[in-house]
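Report on the structure
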Amino acid sequence: MVDPRRCLNPRVVVTRELPDPIMERMAALFDTHLNRSDEKWSQAELADAMATCDVLVPTVTDSIDATLIAGAGPRLKLIANFGAGVNHIDLKAARARGIIVTNTPGVLTEDTADMTMALILSVPRRLAEGEKLVRSGAWKGWSPGAMLGHRIGGKALGIVGMGRIGQAVARRARAFGLSIHYHNRRRLPPSIEQELDAHWYPDLDAMLGAVDIVSIHTPLNADSHDLIDRRRIALMRPHVYLINASRGGIVDEDAMVDALEAGRLAGAGLDVWRHEPRIDPRLLALPNVVMTPHMGSATLEGRVASGEKVIANIRSWADGHRPPDQVLEGWL
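What you are looking at is a predicted structure, and each value in this text was computed from that prediction instead of being measured.

1. Things to note about unusual backbone geometry
- Following Glu-276, the chain continues to Pro-277 via a peptide bond in cis, the omega torsion being 10°.
- In this structure, Pro-277 sits in the loop between strand 11 (267-270) and helix 12 (281-284).
- Within the chain, Asp-226 stands out as a residue other than glycine whose phi angle is a positive 55°.
- Following the sequence through the fold, Asp-226 ends up in the loop between strand 9 (213-216) and helix 10 (230-235).
- Owing to a relative accessible area of 24%, Asp-226 belongs among the partly exposed residues under this scheme.
- At His-294, a residue that is not glycine, the phi angle is positive and equals roughly 50°.
- You can see His-294 is positioned in the loop between strand 12 (289-291) and helix 13 (300-318).

Below, the structure is given as structure tokens:
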């Protein structure tokens, strides 16, 4: 039990447009204020919302920093994040103010793993290049030497971060004939390693130098920021493909682009960006990079399931109970 006092009709502010079924249900359950324009709010607009609400429902596009939290009104007791990642929320500042933070874990695992597998397939087989060639009207027909890519069967996949999504990617990758290698702070139980036929590397550097495809699935925090830096990119062999559907800040983007331009990486599949929605123009010019607009979890089913978790967290808190998806100190 978090607080013996119940908040029977909490004022809930939602910062972005959520699926209609979720917004309708929130409006029926709470004193809900919605951002129907779906425009990203400025820090000043977020500050105004946090001054008067009991519950804030932000998304990954909202930077809920220490300054905003320090200026929040006394009513704000819950930040019910729409999404699993919480690197955009200053958790230490929230804890210091006695504000509970929740997220929506698990519901986007399969969707993100599907997108990751699509990128793993797309980059070596040059699918984006082929699609552009057909659309351009420049395709002259089949040729035995045209648009040659590389098969992925028999290659070694290195997974950085073997949580829910990393394991879901491993299951898919095994079906395509990839061998599974992974780096994680903690080794998986033997039963899961056996199921995935996965080999653990306690040393990330050693794994990066031994695999053919690197896929990133670790959350962004102080420990993982620039985890794949210039030094580690240099450890990868020139035929390696780098896949990132996690968070842009995990990869040193300048170092990655330099390696791609110099031929020290074979290609990349990217669904996230360092300064999104801004993308380095050098990346746009590279034919061996497949780019998608942060859509790894973009399914209607996933968005509705995330919204349902947000509602469950708010209702539990409003009833004076600990929310089921409270973010604990391990995230800090």
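2. Overview of the packing of helix 1 (residues 20-29) against helix 13
- Relative orientation of the contacting elements helix 1 and helix 13 amounts to 15°, with a least axis distance of 10 Å. Taken together, the axes of helix 1 and helix 13 are roughly parallel relative to one another. Relative to helix 13, helix 1 is oriented so that their crossing is right-handed. Between helix 1 and helix 13, the residues in contact are Ile-22, Arg-25, Met-26 and Leu-29 and Val-304, Gly-307, Glu-308, Val-310, Ile-311, Ile-314 and Arg-315, respectively.

3. Brief notes about the UniProt feature "domain: D-isomer specific 2-hydroxyacid dehydrogenase catalytic" (unreviewed entry) in the protein
- Here, the residues flagged by UniProt with the feature "domain: D-isomer specific 2-hydroxyacid dehydrogenase catalytic" (unreviewed entry) are residues 13-327.
- Taken end to end, residues 13-327 is 37% helix and 14% strand, and its first and last C-alpha atoms sit 20 Å apart.

4. Looking at a nonpolar patch on the surface
- Taken together, the side chains of Val-134, Trp-139 and Trp-142 make up a nonpolar region of the molecular surface, amounting to roughly 440 Å² of accessible area.
- As for its placement among the helices and strands, Trp-139 is situated in the loop between helix 6 (127-136) and strand 6 (156-160).

5. Description of the domain arrangement of the protein
- When cut into domains, the protein gives domain 1 (11-103 + 299-319) and domain 2 (108-291).
- Taking the mean C-alpha position of each, domain 1 and domain 2 sit 32 Å from one another.
- At the junction of the two partners, domain 1 supplies six residues and domain 2 supplies four residues.
- Looking at the side of domain 1 facing domain 2, the largest losses of area belong to Val-60, Asn-87 and Thr-299, adding up to 59% of the total buried there.
- For the pair domain 1 and domain 2, the interface holds zero salt bridges.
- Counting every contact that joins domain 1 to domain 2 gives two residue pairs in polar contact (both at pLDDT 80 or more).
- Grouping the amino acids of the side of domain 1 that touches domain 2 by side-chain chemistry returns one nonpolar, five polar and no charged.

Definitions and cut-offs
Residues numbered from 1 in each chain as written. Predicted model: local features only at pLDDT ≥ 70, side-chain atom pairs only at ≥ 80, totals over all residues. Heavy atoms only, no water. Helix = DSSP H or I, 4+ residues; strand = E, 2+ residues; numbered from the N terminus. Buried < 20%, exposed > 50% of the residue type's maximum accessible area, 1.4 Å probe, protein only. Axes fitted to C-alpha atoms, helices over the stretch in contact; angles between N-to-C directions. Parallel < 35°, antiparallel > 145°, perpendicular 65-115°, else oblique. Left-handed = near helix turned anticlockwise from the far one by under 90°. Contact = heavy atoms within 4.5 Å. UniProt positions renumbered as here; feature names shortened; annotations may be inferred. Patch = residues over 30% accessible without salt bridge, like charges linked within 9 Å, V, L, I, M, F, W, Y side chains within 5 Å. Areas by Shrake-Rupley, 256 points an atom, 1.4 Å probe, with all protein chains shown as cover. Salt bridge = Lys/Arg side-chain N within 4 Å of Asp/Glu carboxyl O. Domains from an automatic or database assignment. Buried area = accessible area lost by both parts, 1.4 Å probe. Polar contact = N/O pair within 3.5 Å; in protein donor to acceptor, adjacent residues only side chain to side chain. Nonpolar A, V, L, I, M, F, W, Y, C, P; charged D, E, K, R; others polar.

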